[in-house]
Amino acid sequence: MIYFDNAATTMLDPKVLETMMPYLKTSFGNPSSIYKLAQESHIALENARSKIAKILNARPDEIYFTSGGTESDNWAIKCIAQAYKNKGKHIITSSIEHHAVLHSCKYLESQGFRVTYLPVDKDGLIDLDELEKNICEDTILISIIFANNEIGTIQPIEQIGKIARNHNIVFHTDAVQAAGSIPIDVKKMNIDSLSISAHKFYGPKGVGLLYLCKGVKIIPFMDGGAQELQKRAGTENVASIVGMANALEIANENMEQNIEKITLLRDKIIDNILKTIPHCRLNGHRTKRLPNNINISFEFIEGESLLLLLDSKNIYASSGSACTSGSLDPSHVLLAIGLPHEIAHGSLRITLSKYNTQEEVDIFLSYLPGIIKRLRDMSPLYEEFLQKQTR
């Protein structure tokens, strides 16, 4: 098996599983109870909170545990907006956000809020001048994705945060793909709110967090208990939270060497494909991108057919976000960077991990040209294109 779909989910690090096991088997108490067994869970919970806060350069009481990135995005967008609605009802986001942000913004529009969706350039970057031009007196929230989950482009987060800070506007960023892959410093980057999901950096699924800077107002997203500083009701998933903290710590400690290794693999794949396969293009910025992300569109083919043929070779990749894999519509991200529908449909997203090897990359690159040729040989569009070329 060659697994190249790490933006969808990573494999759980065996070391992380080891740290989780005691809280599944022996120290299984509810952290809200007061007896000794429960306090073991409570201590583990708060240690995890402190560990994560230190890595992000935050305070422990600014870290709130959730079920993952989708909940964190929904909570931040909907509930910060509601908390500040007396000040204004204007929100700024981008056209290439994850659907957890876009759908939350659409919901707020149905509640009387006004949302500006900033366009992006051909590489997926927003224009900082355009951002500033769209700020109004009633702008209360800016939410821009840290690094795009489909094309890997990294936004100028520190500068965006500075603009928001200068205008006294709350700045939220969806950092689900960035966390564990590239450095994050919430104070240096002027970030007021940030979403993270553990399963993107070799942690367990179903757990994440929302960072919320002290002083930023938000209303509770879930009611029914006093957990998470009375902001998010529900018994905490202690084992997974401990796992998330450990996974983030491992990722942070090994970040430099992982970036170096994975970037080399990424660039080898990009350079080889662009050199050996005609009629294809790289999506996203060439250098301002996540170390592990490759998104390439191949003309005259369907991405789904490409995935199935790769699957027959036990190579697993994707054509875009796992959250929209059942949709027949082309990626909104690829359309936003200017790709026509027919080219956007032929995209392949390869996302690497610390476990991938040079040998796996070589095997993939040996199969890919033949698969593309096979699909194009069956394509009437490609046949028509070749006929035009020979006239």
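This report concerns the structure included in the present document. (Residues numbered from 1 in each chain as written. Predicted model: local features only at pLDDT ≥ 70, side-chain atom pairs only at ≥ 80, totals over all residues. Heavy atoms only, no water.)

## Brief notes about the nonpolar core
Ranked by size, the top nonpolar core spans 83 residues in total, and within it Leu56, Ile142 and Phe146 carry the most contacts. Ile262, Ile270, Cys280 and Leu375 belong to the second largest nonpolar core, which has 29 residues in total. (Core = buried A, V, L, I, M, F, W, Y, C linked by side-chain atoms within 4.5 Å. Buried < 20%, exposed > 50% of the residue type's maximum accessible area, 1.4 Å probe, protein only.)

## Thoughts on the packing of aromatic side chains
If you walk through the whole model with that rule in mind, you get six aromatic pairs. Judged by centre distance (5.6 Å) and plane angle (85°), the ring pair of tyrosine 202 and tyrosine 355 falls under edge-to-face. Of the two residues, tyrosine 202 is situated in the loop between strand S7 (193–197) and strand S8 (208–212) and tyrosine 355 in the loop between strand S12 (347–351) and helix H14 (358–377); the sequence distance between them amounts to 153 residues. Tyrosine 355 sits in the partly exposed class, given a relative accessible area of 32%. (Phe/Tyr/Trp six-rings, centres within 6.5 Å; stacked < 30°, edge-to-face > 60°. Helix = DSSP H or I, 4+ residues; strand = E, 2+ residues; numbered from the N terminus.)

## What about the sheet that holds strand S10 (residues 293–298)?
The three strands lie next to each other as S9-S10-S12, forming an open sheet whose pairing is antiparallel. Strands with a single pairing partner mark the edges of an open sheet, and in this sheet they are strand S9 (280–282) and S12. Along the sheet, successive strands turn relative to each other by an average axial angle of 20°, direction set aside. As defined by bridge partners, S10 adjoins S12 across five bridges and the pair is classed as antiparallel. Note that in S12 the partner of isoleucine 294 across the bridge is isoleucine 350. (Pairing = 2+ DSSP bridges. Axes fitted to C-alpha atoms, helices over the stretch in contact; angles between N-to-C directions.)

## Here's the deal with the side chain of serine 72
Position of serine 72 relative to the elements: it lies in helix H4 (residues 69–83). Among the polar contacts listed, one links the side chain of serine 72 to the side chain of threonine 66, at a separation of 2.8 Å. Polar side-chain contacts of serine 72 include one of 2.9 Å to the backbone oxygen of leucine 209. Excluding anything up to four places from it in sequence, serine 72 contacts Thr66, Ser195, Ile196, Leu209 and Leu210. (Polar contact = N/O pair within 3.5 Å; in protein donor to acceptor, adjacent residues only side chain to side chain. Contact = heavy atoms within 4.5 Å.)

## Regarding the pairing of S7
A large share of S7 lies buried, amounting to five of its five residues. Burial of the side chains of S7 extends over both faces: Ser193, Ser195 and Ser197 are buried on one face and Leu194 and Ile196 on the other. Here three bridges tie strand S6 (residues 170–174) to S7, and the two strands are oriented parallel to one another. Paired with threonine 173 across the bridge in S7 is leucine 194. With five bridges joining them, S7 and S8 adopt antiparallel strand pairing. The partner of serine 193 across the bridge, within S8, is leucine 212.

## Considerations on the pattern of salt bridges
Within the structure shown, the criterion is met by 19 salt bridges. Note that glutamate 62 and lysine 187 form a salt bridge whose closest N and O atoms lie 3.2 Å from each other. On the criterion of sequence distance, the pair formed by glutamate 62 in the loop between helix H3 (36–56) and strand S2 (63–66) and lysine 187 in the loop between S6 and S7 is long-range, its members being 125 residues apart. On the basis of relative accessible area, glutamate 62 is assigned to the buried category, the value being 2%. Note on lysine 187: relative accessible area 38%, which makes it partly exposed. Across the pair aspartate 377 and lysine 373 runs a salt bridge, and its minimum N-O distance is 2.9 Å. Highlighted residues: aspartate 377 and lysine 373, both in helix H14, separated by four residues, approximately one helical turn. (Salt bridge = Lys/Arg side-chain N within 4 Å of Asp/Glu carboxyl O.)

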